[in-house]
Amino acid sequence: MAKNLLEMRSIIKEFPGVRALDNVNLKVEEGEIHALVGENGAGKSTLMNVLSGIYPYGTYQGDVIYDGEVCKFSKINDSESKGIVIIHQELALVPYLTIGENMFLGNEQGKTSHIDWDKTYDLAAKYLKTVGLEESPRTQIKDIGVGKQQLVEIAKALTKNVRLLILDEPTASLNETDSRKLLDLLLQFKSKGMTCIIISHKLSEVSYVADKITIIRDGATIETLVKGVDDFHEERIIKGMVGRELVDRFPKRESHIGDVAMEVRDWCAEHPTYAGRMVCNHVSLNVRRGEIVGVSGLMGAGRTELAMSIFGRSYGTNIRGTLLLNGREVHLRSVTDAINHKLAYVTEDRKGNGLILSESIRQNTTLARMERISRHQILDKDLEIKYANEYKDILRTKCSGIEQNVGNLSGGNQQKILLSKWMFAEPDVLILDEPTRGIDVGAKYEIYCIMNDLVSQGKAVLMISSEMPELLGMCDRIYVMNEGSVVGELTHEQASQETIMACILKSSGNKGAMAV
Amino acid sequence: MTETKNKSAARTLSGFLKKNTMVIALVLVTLLFEILIMTVAHKPASQALLTPANISNLISQNSYVVILAVGMLLCILTGGNIDLSVGSIVALVGAVAGTLIVNMHMDIWLAMIICLLVGLAIGAWQAYWIAYIRIPPFIVTLAGMLLWRGLAQIILNGLTISGYPETYLNLFNSYVPGGSAGKGTILTVTLVIGIVLCAVYLAAQFMNRAKRKRNNYETQSAFMFWGKNAALCVLILALSLMLGNHKGLPTILILLAVIVLVYGYYTQNTVPGRHLYAMGGNEKAAKLSGINTNRTMFFAYTNMAFLSAVAALVVTARFNSAAPSAGNSYEMDAIGACFIGGASAYGGTGTVGGAVIGAVFMGVINNGMSILGIDANWQKVVKGLVLLAAVIFDVVSKRRAQPE
């Protein structure tokens, strides 16, 4: 049996008013991939911050034993010098610097007074080769995609002689191909003896890559599952995470499908900065009342672009095509137009494009349709409070009250606020873009229930998602998009992961590079 | 039981302190100056800070800062944007006013309307570039700072225009009731005004509270409600007593009250006001919620120049002159007042009340140091340090308030 590279014993970390970590024990053997799973707010990130010295020694109780000795890190540099490197969910790369410059940021080659650029780029190229990234180290970060940026982060970690690599949600913004590539890279590093801790919500990936899975719930370690000994199925892991068995991950619904609520014909849109590049290419689709229709596709298939160009031309230029709402042709020139025609677009980027984090739940709830709480442009604040409470109760948002700032809520609750904001606008058609991204299993289930409620009221829902199981579990019909076009339409019965991927592969003639 | 009660009381208290740090700081600074003036400078109480004459003086001295700070707040709310052209607009509009009123003997009301329109035109010009072409406000208003100052100097030909008609000066510099009233009448009138104001204010507060209770909405605790209202009423009455013992209610104070109330209402209770906060909080989200952020931005900057024109009229009347150097560094006073008053340098937070308190804070420091006889250059040093300290304090206390 290999020795333990890392042992965290009875870690307790308290913030004013909350105990974020309550007696956490974690053992990581040398040369294994160890997954940490748990619902949002369970304490995974806090634990990793304790390990890497972001929370310095003395601010927590318990011992961190690394490589046989008790660690007393007071800053990140201390842990990095021992070969512990953490890659955060939000990548920390500077967009206008080159790959090479980023890799050696804070660790510049040469002398303080003179950077040796030849050495820098030579080393950078070597490490890029190790991670299998075929880019010149002189390329600027802003010119490469998120998947490649993630590889640059890993290459950067390698330059620091990493022994223990910690990845926080490394695949959250990657598509399936890139995710698989990344996971295989980790397996390759493992065979060379590197130790790895991976935090992830994507349980299929966890069971694929991990040797052991430690489950954290409410700040405490619940159990550690070992590959080959314990059951590694998703249902088993979820049971540990939520403390009960989720019989159905998708709530049942009886479909009562009505007339066509929204129809798009021959919809075309071009990229806003690169004129002539078609992001939507003659797309036609429709959604009926009482129906949830899914839009599947890889990252960059043009799904978000399609949704936003329909939603009052909020994306793209040179938009052409016909949009019919309830059978009548409409021209939506602005977001206000779209909202007035009872259309809603719930963004995939709730922090960046959806919510005002510095403002209260009350103000966020009413933002998209202040006509409902005002008369002659004067706000009726009492009415606003009433509505905000109403929607808080309908969606069962967990918060201290409607005056709480949205920025202090967990991801799942923020998503509920975003939904309540658009439900408050009283739309007939809702376009939900990645409605469950980055939120935990329990909250996902609640969001699905809300979607079912919406369609049972006769509303139409168009759901864009990168998670195929969720599309398969929730949708009456699924459109498959690739490279700006619709390349397939599948009924609930026809749809499966295989048929969806088949549509994509057939259309792009991708030489079958993607194994599903 | 008692322990939890104490805890929640402590939390209410610390919440109260956090919300009102600048008010408390203002009170402390005022008291500090009062003590310093009497002990260190050995001046009699009649020459200290809190005397009827000095309070009246403080108001007219700082009126322009309050007006400009209110306008600046709207700009800052849109996303931490500032307007550097304010002082130059004051000079240009002042020059226009001088030319029209003194040189051309135009009717003062017509002249004032023209001045305000000039302000609006200047504002629309700058706001167009900022809001619709999206040139950074810093650049546009820096250009404006040179442009309007230059035009003012061209109009004035480098000279100062003075000798405004009495009717014009009286509009801004007189008192209610008029100068001919006796001492007793003045005191009675101001006190009556103060009492009526208190009564109207209290009545409104009570009705609002009753309505909220009836609808079962969250209300402030009775202690907080009474404490806040009592403090405010005492302040109003004390102020009217002070002013009553001097020459009466300055007309400029009425103008200030109207501006503060209108803009306070605008930012807190209207839809376009809410748009300002939404835009400053997250412009992309605001846009995707159907808010025309360009229009919001356009309004904020047009309005800033409009209020600069108002300030120009006030300042020309106060100094009885239009000078090429008028309004120098006024923009800095306004920006400083907003930040001392708790506006966020990134936009999205801040209140009109806060900006007013910030302006008064700066005024008290200026005034207190002048009475103490501190050298003007040292006054600048102190003001700079106070501005920095206020913002540091604000940022640090907010950071403490919400751990991750």
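How each quantity is defined
- Residues numbered from 1 in each chain as written.
- Chains lettered and ligands numbered in written order.
- Predicted model: local features only at pLDDT ≥ 70, side-chain atom pairs only at ≥ 80, totals over all residues.
- Helix = DSSP H or I, 4+ residues; strand = E, 2+ residues; numbered from the N terminus.
- Rg over C-alpha atoms; globule rule 2.2 N^0.38 Å.
- Buried ≥ 20, exposed ≤ 12 C-beta atoms within 10 Å, placed from the backbone.
- Contact = placed C-beta atoms within 7 Å.
- Nonpolar A, V, L, I, M, F, W, Y, C, P; charged D, E, K, R; others polar.
- Expected span 1.5 Å × (residues − 1).
- Arc of directions from axis to C-beta.
- Core = buried A, V, L, I, M, F, W, Y, C linked by C-beta atoms within 7 Å.
- Domains from an automatic or database assignment.
- Pairing = 2+ DSSP bridges.
- Axes fitted to C-alpha atoms, helices over the stretch in contact; angles between N-to-C directions.
- Parallel < 35°, antiparallel > 145°, perpendicular 65-115°, else oblique.
- Left-handed = near helix turned anticlockwise from the far one by under 90°.

Moving on, we get to the overall build of chain B. When you go through chain B residue by residue, the secondary structure sums to 16 helices and four strands. Relative to the 2.2 N^0.38 estimate, which gives 22 Å for 404 residues, the radius of gyration of chain B is 22 Å and therefore close to what a compact globule would have. Considering only C-alpha atoms, chain B reaches an extent of 75 × 60 × 45 Å along its principal axes. Relative to its 404 residues, chain B shows a buried fraction of 38%. Sequence-distant contacts, at least 24 apart, represent 79% of the contacts inside chain B between residues at least 6 apart.

Moving on, we get to the interface of chain B and chain A. At the junction of the two partners, chain B supplies 24 residues and chain A supplies 26 residues. Secondary-structure elements contributing two or more residues to the side of chain B that touches chain A are α8 (183-214), α11 (271-281) and α12 (283-288) of chain B. Of all the elements, α11(B) adds the most residues to the side of chain B that touches chain A, at six residues. Looking at the side of chain B that touches chain A residue by residue, the classes come out as eight nonpolar, ten polar and six charged.

Attention shifts here to helix α4 (residues 117-130) of chain A. Working note: α-helix, 3.6 residues per turn, so residues spaced by three or four point in the same direction. Residues and elements named next belong to chain A. Over its 14 residues, α4 runs 20 Å from end to end, which matches the ideal 20 Å to within 8%, given 1.5 Å per residue. The complete set of buried residues in α4 reads T120, Y121, A124, Y127 and L128. Burial along α4 is one-sided: seen end-on, the buried residues are contained in an arc of 125°. Exposed side of α4, more than 90 degrees from the buried face: D118 and K129 are the residues found there. Tucked into the core, α4 has its buried residues touching α3 (99-103), β8 (114-115) and α5 (146-159). Phi for G132, located one or two positions after α4, is positive at around 70°.

Bringing the nonpolar core into the picture now. Grouped burial of nonpolar side chains is what soluble globular proteins tend to show. By size, the foremost hydrophobic cluster in this structure holds 170 residues, and its most contacted members are L68(B), A69(B), M72(B), L73(B) and C338(B). The contact partners of A69(B), leaving out residues within four places of it in the chain, are A334(B), A337(B), C338(B), A355(B), V356(B), G358(B) and A359(B). Counting residues in each nonpolar core, the second largest holds 65 residues, with L5(A), I154(A), F189(A) and I213(A) among its members.

Turning next to the domain arrangement of chain A. Residue and element names in this part refer to chain A. According to the domain assignment, chain A consists of domain 1 (4-242) and domain 2 (260-508). Taking only C-alpha atoms, the centre of domain 1 and the centre of domain 2 are 33 Å apart. Taken together, the contact pairs nine residues of domain 1 with eleven residues of domain 2. Counted by class, the side of domain 1 that touches domain 2 contains four nonpolar, four polar and one charged residues.

On to the sheet that holds strand β22 (residues 460-464) of chain A. Residue and element names in this part refer to chain A. Taken together, the six strands give an open sheet; going across it, the order is β18-β21-β22-β15-β23-β24, and neighbouring strands pair in mixed fashion. Pairing within the sheet leaves two strands with one partner each, and these edge strands are β18 (343-346) and β24 (485-491). Neighbouring strand axes in the sheet, compared pairwise and without regard to direction, differ in orientation by 20° on average. Where β18 meets strand β21 (residues 429-433), four bridges bridge the pair, whose relative direction is parallel. Bridge pairing in β21 places L343 opposite V429.

For any two helices packed against each other, the geometry comes down to the angle between their axes and how far apart the axes lie. Residue and element names in this part refer to chain B. Remark: helix α3 (residues 52-77) packs on helix α14 (residues 330-340), axes separated minimally by 8 Å, with the N-to-C direction vectors making an angle of 65°. Compared by their axis directions, α3 and α14 come out roughly perpendicular. Between α3 and α14 lies a crossing whose hand is right-handed. Of the residues in α14, those touching α3 at Y64, V65, L68, A69, M72, L73 and I76 are Y330, D333, A334, I335, A337 and C338. Of the residues belonging to the contact of α3 with α14, the class tally is twelve nonpolar, no polar and one charged.

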